[in-house]
Amino acid sequence: MRGFIIFEDFAFLYPEFAAEMGGWLKAGKMHYREDIIDGLEQAPAAFIGMLAGKNFGKCVIRVGSSK
């Protein structure tokens, strides 16, 4: 068994990956999930919840207006 580091071993392929993945996202072929928490004051609880496995996908702390 051999492990690998994506950007150490395959960085030269990233531009091709980014172009293809961007197209798939725009076409709706790929989906992702985010757990969005509002307010920096909620960050400690969000971090503890993330460590306990209570989030799904990427955990994002929104600290400003989304307007």
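Located above this text is the structure these notes cover.
Now for a quick tour of the structure.

Secondary structure summary: the protein contains three helices and two strands in total. Each helix and strand of the protein, ordered N terminal to C terminal, gives the series α-α-β-α-β. Over its C-alpha atoms the protein spans a radius of gyration of 16 Å, topping by over 25% the 11 Å that the globule rule assigns to 67 residues. Taking the principal axes of the C-alpha coordinates as reference, the protein spans close to 40 × 35 × 20 Å. Here the protein holds 67 residues, and the buried ones make up 9% of them. For the protein, long-range pairs separated by at least 24 residues make up 31% of all intrachain contacts whose partners lie at least 6 apart in sequence. When the accessible surface of the protein is split by element, carbon and sulfur atoms take 62% of a total near 6000 Å². Distance between charge centroids for the protein: 7 Å, based on 8 positive and 8 negative side chains.

Moving on to the pairing of strand β1 (residues 34–38). Here five bridges tie β1 to strand β2 (residues 58–62), and the two strands are oriented parallel to one another. By the bridge assignment, E34 is partnered in β2 with K58. Handedness of the crossover joining β1 and β2 through helix α3 (residues 43–51): right-handed.

The next point concerns the packing of aromatic side chains. Evaluation of the coordinates by the stated rule reveals two aromatic pairs. With 5.4 Å between their ring centres and 50 degrees between their planes, F7 and Y14 make a pair best called tilted. Residue F7 is classed as exposed on the basis of its relative accessible area, which comes to 54%. Overall, the relative accessible area of 41% leaves Y14 in the partly exposed class.

Thresholds, definitions, all that
- Residues numbered from 1 in each chain as written.
- Predicted model: local features only at pLDDT ≥ 70, side-chain atom pairs only at ≥ 80, totals over all residues.
- Heavy atoms only, no water.
- Helix = DSSP H or I, 4+ residues; strand = E, 2+ residues; numbered from the N terminus.
- Rg over C-alpha atoms; globule rule 2.2 N^0.38 Å.
- Buried < 20%, exposed > 50% of the residue type's maximum accessible area, 1.4 Å probe, protein only.
- Contact = heavy atoms within 4.5 Å.
- Areas by Shrake-Rupley, 256 points an atom, 1.4 Å probe, with all protein chains shown as cover.
- Lys, Arg positive; Asp, Glu negative; His and termini not counted.
- Charge placed at Lys NZ, Arg CZ, Asp CG, Glu CD.
- Pairing = 2+ DSSP bridges.
- Right-handed = clockwise from strand over helix to strand, strands pointing away.
- Phe/Tyr/Trp six-rings, centres within 6.5 Å; stacked < 30°, edge-to-face > 60°.

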